[in-house]
Amino acid sequence: MARVTVSIGSNIEREHHVRACLDALADTFDALRLSRVYESEPVGFEDGRNFYNLVATFDSDWSVGELAAWCKRLEFANGRRPDSPKFSPRTLDVDLLTVGDLCGEHDRIALPRAEIRHHAFVLKPLAELLPDARHPQDDIRYTELWAAFDADDQALWPVEFVWREHHLPLA
């Protein structure tokens, strides 16, 4: 079993699609833990709709390819189109961040995901959820990476979010 981390984001019907994603994760994987939900301004998008973002971790013995395919199927089941432009609004975005301590390309997926170091909406919830965990490539704790991160141009703030009658985070 490997600990898997994924980032979750939505800027179309945010509450609905984030809840649908969390339901699917809880119904499929063991030991699900969640960060709080953050609202963030879009990075690189022309459409100005803000996102809801969070990070989830769970245990799985699936291969990287199986995990990535499952994430894509979940996105498509929630209305994301495979031909949509890269920086366009989205109902759901689910990205593999880490799978255990794997580094490098696995099943054509680069791990750990580079966005961990570049986007506040990924790093802050990851550091919150797994404060003592370490980045697989350089063995630096996520909390240390967050402390050194310059988030001045990437505004995000926690939002009240209820899922299955629980206020996040559940961790």
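Details of the structure are given in the entry above.
Keep in mind that this is a model prediction, so the values were computed, not measured.

Visitor: Go over the nonpolar core with me, naming the residues and quoting the values.
Guide: Generally speaking, nonpolar side chains in soluble globular proteins are found buried as a group. In terms of nonpolar packing, the biggest core is built from 29 residues, with V6, I8, L22, L25 and L96 touching the most fellow members. Among the elements of the structure, β1 (2–10), α1 (14–28), β4 (51–60), α2 (64–77) and β5 (93–99) are those that each provide at least two residues to this core. With six residues, the single largest contributor to this core is α2. Counting residues in each nonpolar core, the second largest holds 16 residues, with Y38, V122, A127 and L130 among its members.

Visitor: Quick one: what's the story with unusual backbone geometry, residue by residue and with numbers?
Guide: For the peptide bond that leads from L111 to P112, omega is -10 degrees, which places it in the cis range. With respect to the helices, strands and loops of the structure, P112 is situated in the loop between β7 (109–111) and α3 (115–118). Within the chain, E13 stands out as a residue other than glycine whose phi angle is a positive 45 degrees. By secondary structure assignment, the location of E13 is in the loop between β1 and α1. Phi is positive for D139, close to 65 degrees, though the residue is something other than glycine. With respect to the element layout, D139 can be found in the loop between α4 (120–129) and α5 (142–148).

Visitor: If you had to explain the pattern of salt bridges to someone new, which residues and values would you point to?
Guide: Per the counting criterion, the structure on display carries 13 salt bridges. With a closest N to O distance of 3.6 Å, D93 and R90 form a salt bridge. With respect to burial, D93 and R90 carry one shared label: buried. The salt bridge involving D132 is made with R141; its shortest N-O contact spans 3.2 Å. We classify D132 as exposed; its relative accessible area is 58%. For R141, a relative accessible area of 26% corresponds to the partly exposed category. By sharing partners, the salt bridges in this structure join K72, E75, R80, R90 and D93 into a single network.

About the criteria used
Residues numbered from 1 in each chain as written. Predicted model: local features only at pLDDT ≥ 70, side-chain atom pairs only at ≥ 80, totals over all residues. Heavy atoms only, no water. Core = buried A, V, L, I, M, F, W, Y, C linked by side-chain atoms within 4.5 Å. Buried < 20%, exposed > 50% of the residue type's maximum accessible area, 1.4 Å probe, protein only. Helix = DSSP H or I, 4+ residues; strand = E, 2+ residues; numbered from the N terminus. Salt bridge = Lys/Arg side-chain N within 4 Å of Asp/Glu carboxyl O.

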